[in-house]
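# Residue-level structural notes
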Amino acid sequence: MKKIYIFIVIFVFVFGSVGLAQNNHRNRNNGSALIKVIHSEFGWTDSRLTEKLLIELSRNGNGAVVNADLLTELPEFPVGRYETDLLIDWAAVAGKKYLVLVSVEFEGLERKKTFSLPLIFHKYQNIGVISGELRVIDLIRKRNIVSEHFKIEKEGKRIIQAYTDDDKNDADLHLSAPEKIIFFSELERELAVMLSDRIRGATSLR
């Protein structure tokens, strides 16, 4: 009887430890993501979008989010950035649950005529624009869970011209270097909030 009791205790201890380890492993991976931001060669060169997105996604502390560009063990990023199988194979080394891929196709200023009163005046305005593609891949289930286009705009400096001028290249619309840095920093922060809300809604990064 004593031997049976000892066996039961050992059985419970061993399998209980295994179950606990498995649960800890699942919990550790439950809210973990690899973040990769790809920037177009044409656009705002001083982008800090990766940093801002990491801050937003880690704000609640419910998961480990990692910048893929800082992991030296990752192989070279695949050329086929939208081929799910290639992306899964590439990201597998990191041991995360999700791969978040943000491809920025355009980040810059557009000058638009936002209002015109015939024969009296025009209004021109700088519009900050960031657009691209968001992909979120569940690396455990090996499938896309988010695949969509995104675009965000922010109104900037504006001018009113006489109707006869009608010049969208007016020097008064020009942003100085410090003004551009501040403007795009705010726009990227707004985009990071928008993307992180979308990512949290589709994943366990809550």
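The rules behind these values
- Residues numbered from 1 in each chain as written.
- Predicted model: local features only at pLDDT ≥ 70, side-chain atom pairs only at ≥ 80, totals over all residues.
- Heavy atoms only, no water.
- Helix = DSSP H or I, 4+ residues; strand = E, 2+ residues; numbered from the N terminus.
- Phe/Tyr/Trp six-rings, centres within 6.5 Å; stacked < 30°, edge-to-face > 60°.
- Buried < 20%, exposed > 50% of the residue type's maximum accessible area, 1.4 Å probe, protein only.
- Lys NZ or Arg CZ within 6 Å of the ring centre and 35° of its normal.
- Core = buried A, V, L, I, M, F, W, Y, C linked by side-chain atoms within 4.5 Å.

Further remarks concern the environment of glutamate 41. Looking at where glutamate 41 falls in the secondary structure, it is placed in the loop between strand S1 (33-39) and helix H2 (49-57). Counting along the chain gives 63 residues from glutamate 41 to valine 104, while the straight-line C-alpha distance between them is 9.5 Å.

Another aspect to go through is the packing of aromatic side chains. Counted under the stated rule, the structure contains two aromatic pairs. A ring pair is formed by phenylalanine 183 and phenylalanine 184, whose centres lie 5.5 Å apart and whose planes are at 90°; its orientation type is edge-to-face. Under the relative-accessibility criterion, phenylalanine 184 is labelled buried at 2%. A cation sits over an aromatic face here: lysine 36 above phenylalanine 77, 5.3 Å from the ring centre.

Take the nonpolar core next. Soluble globular proteins: nonpolar side chains tend toward being buried together. With 26 residues, the main nonpolar core has Ile35, Leu53, Val100, Val102, Leu134 and Ile199 as its most contacted residues. Contributing elements (two or more residues each) for this core: S1, H2, strand S3 (98-117), strand S4 (121-138), strand S5 (143-162) and helix H4 (177-202). For this core, the element with the highest residue contribution is H4, accounting for seven residues. Formed by 15 residues, the second largest nonpolar core is a distinct cluster that contains Leu74, Leu87, Ile88 and Ala91.

For the rest of this paragraph, the subject is the environment of aspartate 89. Mapping aspartate 89 onto the fold places it in helix H3 (residues 84-91). With 14 residues separating them along the chain, aspartate 89 and proline 75 place their C-alpha atoms 9.6 Å apart.

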